[in-house]
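# Overview (structure and organization)
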Amino acid sequence: GFKATPTRRASEQLMQEYYRTAKTIMQLNTILLQNMGAAIFPTPEQTPQPINEPFQNTHQLLDVTHEKVFAEHPEAMLEAFLIIEQHSELKGMTARTIRSLWRARKLIDEDFRNNPLNKERFIDIFKQPRGVLHELRRMNQFDILGRYLPKFGAIVGQMQHDLFHVYTVDQHIMQVLRNLRRFSDTAFTHEYPFCSQLISEFENPWLLYIAALFHDIAKGRGGGHSELGAIDAEEFCREHGLSADDSE
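Here is a short report on the structure shown in this document. (Residues numbered from 1 in each chain as written. Predicted model: local features only at pLDDT ≥ 70, side-chain atom pairs only at ≥ 80, totals over all residues. Heavy atoms only, no water.)

Here we take up the nonpolar core. Counting residues in each nonpolar core, the largest one holds 56 residues, and the members touching the most others are Phe70 and Phe152. Among the elements that take part in this core, helix 3 (residues 76–86) stands out by supplying eight residues, more than any other. In this structure Phe152 touches Asn140, Leu145, Gly146, Asp170, Ile173, Met174, Leu213 and Ile217, once residues within four positions along its chain are discounted. (Core = buried A, V, L, I, M, F, W, Y, C linked by side-chain atoms within 4.5 Å. Buried < 20%, exposed > 50% of the residue type's maximum accessible area, 1.4 Å probe, protein only. Helix = DSSP H or I, 4+ residues; strand = E, 2+ residues; numbered from the N terminus. Contact = heavy atoms within 4.5 Å.)

On to the pairing of strand 3 (residues 61–64). Relative to strand 3, strand 2 (residues 55–58) runs antiparallel, the two being bridged by four bridges. Bridging from a neighbouring strand, Thr58 pairs with Leu61 of strand 3. (Pairing = 2+ DSSP bridges.)

Below, the discussion takes up the packing of aromatic side chains. As enumerated under the stated definition, the model contains eight aromatic pairs in all. Ring centres of Phe183 and Tyr192 lie 5.1 Å apart, and the angle between their planes is 70°; on these two criteria the pair is classed as edge-to-face. The ring of Trp102 has Arg105 lying over it, and the distance from NZ or CZ to the ring centre is 3.5 Å. The cationic tip of Lys127 hangs over the ring face of Trp206; the distance from NZ or CZ to the ring centre is 4.8 Å. (Phe/Tyr/Trp six-rings, centres within 6.5 Å; stacked < 30°, edge-to-face > 60°. Lys NZ or Arg CZ within 6 Å of the ring centre and 35° of its normal.)

Once that is clear, we can look at the sheet that holds strand 2. Reading across the sheet, the three strands line up as 1-2-3 and stay open at both edges, with antiparallel pairing between neighbours. The two strands at the open ends of the sheet, each matched to only one other strand, are strand 1 (49–50) and strand 3.

Tallied over the entire structure, the rule returns eleven salt bridges. When the shortest N-O distance is used, the salt bridge between Arg99 and Glu67 registers 3.2 Å. A residue pair is termed long-range when its members are at least 10 positions apart, and Arg99 in helix 4 (residues 95–104) and Glu67 in the loop between strand 3 and helix 2 (69–72) qualify at 32 residues. Since its relative accessible area comes to 22%, Arg99 is described here as partly exposed. Residues joined in a network through salt bridges with shared partners are Glu67, Arg99 and Arg103. (Salt bridge = Lys/Arg side-chain N within 4 Å of Asp/Glu carboxyl O.)

Of the two faces of strand 2, the one holding Phe55 and Asn57 and the one holding Gln56 and Thr58 are both buried throughout. Pairing between strand 1 and strand 2: two bridges, direction antiparallel. For Gln49, the partnering residue across the bridge sits in strand 2 and is Asn57. Connecting strand 1 to the antiparallel partner strand 2 that follows it, the hairpin turn spans four residues. Counted along the chain from strand 2 to the antiparallel partner strand 3, the turn is two residues long, and its residue His59 has a positive phi close to 55°.

Interpretation in functional terms is not warranted from these geometric data alone.
Shown next, in the form of structure tokens:
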């Protein structure tokens, strides 16, 4: 293994800060490019289609009905990702929605995490038949996932020093989620026949996504990350009302 020298720790901290900063720049670019695209290639005027009180469909993008939706209704932050999963016609979020999310993300605090409605919506994100991976990636990109799960936030941009893990810890977890999603997609059955068979026989495949999310969440804390991660997963399941069997 690698020795935890002061030089190595400083290098890890530098790289983690680099990846987090790069994520922020990517988000700003997303907003900027959407605004520039709208200015250079304006789309024909089209009346937004209402979805519910906080959200509407604007040119096949999820749009907030006003700038202060998340500030006034923080619980709508998780609902935004759930709605995109449930509406296949939505291809992403408007710059206004992303900007509003960014401004309101710090409202995800202990009270937000303890809100039963937010807990239910977070679990529902995993249960949807489509869009699970895309929305978890989007939640990670926009700093929502790490704020809802602070222990996940701690491993965002964290380096791994071995030949097997070529991604930062959070991106490695996203790759594992991608593989699980492919096992349940018939388009990949020929590529992963055994795994596809196993997942098709599993009563609640969405539980595997939660397991994947937690499998490396304790990396870098010292001690066995599998054992520590199991404790984190058990706590999460208990707090989110999963049955004893599902939690196990």
